[in-house]
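Each chain, written out:
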Amino acid sequence: MNLCDIQHIKSLLARHGFRFSKSMGQNFLIAPWVPEEIAASAGIDEHTGVLEIGPGIGCLTEQLAQRAQRVAAVELDTSLLPVLRETLAEHNNVQIVPGDIMKIDLPALVAEQFSGLTPVVCANLPYNITTPVLTLLIDSGLFRQITVMVQREVARRVAALAGSSDYGAFSLYMAYYTEPTLLFDVPPECFHPQPKVHSSVITLRVREAPAVDTGPGALFRVIKASFAQRRKTLVNCLTAALPNASKGALIAVLEAQGHDARIRGETLDLQGFAQLTDALLDAGLL
């Protein structure tokens, strides 16, 4: 059964009376090389348990099942459950889990499904929930690696470096907790129906410890303030967000670190923000 063949997909979905939902961002893969490459890049072997989110009709799921010890695929759309029971019937190492990934008890799911295995994530994420899902997965501390297909613009934001137009608070959050790597792009014609955007596959190797020693509370308060108004200077952004900090005091802190008082937030990398946060704490401005 070729789950990426467009004619087979149409026949399968018609037989089950399935209709695509725009609100769920449903676009099924019709290019076999894509799920094969995603699964091959996901760090999966016989010691791995894979969490998949939004399996669709199981195109990626079957590739994961061929490589991993166990796959747990969380599907929100109940109309796809009978489809998945048919397409994945021969894979006894796959568990379809009905539910919303944002509401499921992830620690309980991982403990139940992946006991004794290394948990990772591999998924073609619905684009309308990409950021909250990635944040949830990373904050859970449950997964060693996360490999996902997302909208290309989101992937670029995730992996962006200081000074680029895609760089922002989310880039720094990712750099703090993970090591992101862009793998490859996937054009719209690889899907049915075709989305209006390009996609990219990205892998996130979750760090054993954050990239810098500065605590996340203070650090991300400074980072979020610094990107709240991108056209303003870092000093003006921080003055608006930190009631204890005068403009003169902030300029003094920046200049003491060798920065021009006119710099903007996007010029600082994670280490720079950590040093700035520590200096603000030491000066009693944060």
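A.B. asks: Any details on the packing of aromatic side chains? Residues and values, ideally.
C.D. replies: In the structure shown here, the tally under the stated rule is 11 aromatic pairs. Judged by centre distance (5.3 Å) and plane angle (80 degrees), the rings of phenylalanine 18 and phenylalanine 20 are edge-to-face. Counting every residue linked through ring pairs, the aromatic cluster contains Phe170, Tyr173, Tyr176, Tyr177 and Phe220.

A.B. asks: Talk me through helix α5 (residues 106-113); I want residue IDs and the actual numbers.
C.D. replies: Where α5 is concerned, the buried positions are Leu106, Leu109, Val110 and Gln113. End-on view of α5: buried residues confined to an arc of 95 degrees, all on one side of the axis. Residues of α5 that are exposed and point more than 90 degrees away from the buried face comprise Ala111 and Glu112. Looking at the buried side of α5, the elements it contacts are β2 (48-53), β3 (70-75), β4 (94-98), β5 (118-124) and α6 (130-140). For α5, the side-chain oxygen to backbone nitrogen distance between the N-cap and alanine 108 is 3.2 Å, and the N-cap itself is aspartate 105.

A.B. asks: Go over the state of the cysteines, please, and point to the residues and values.
C.D. replies: What the rule picks out here adds up to 1 disulfide. The cysteine cysteine 122 is free of any disulfide, with cysteine 59 supplying the nearest cysteine sulfur at 12 Å. You can call cysteine 122 buried: its relative accessible area is 0%.

The rules we used
- Residues numbered from 1 in each chain as written.
- Predicted model: local features only at pLDDT ≥ 70, side-chain atom pairs only at ≥ 80, totals over all residues.
- Heavy atoms only, no water.
- Phe/Tyr/Trp six-rings, centres within 6.5 Å; stacked < 30°, edge-to-face > 60°.
- Buried < 20%, exposed > 50% of the residue type's maximum accessible area, 1.4 Å probe, protein only.
- Helix = DSSP H or I, 4+ residues; strand = E, 2+ residues; numbered from the N terminus.
- Arc of directions from axis to C-beta.
- Contact = heavy atoms within 4.5 Å.
- Polar contact = N/O pair within 3.5 Å; in protein donor to acceptor, adjacent residues only side chain to side chain.
- Disulfide = S-S within 2.5 Å.

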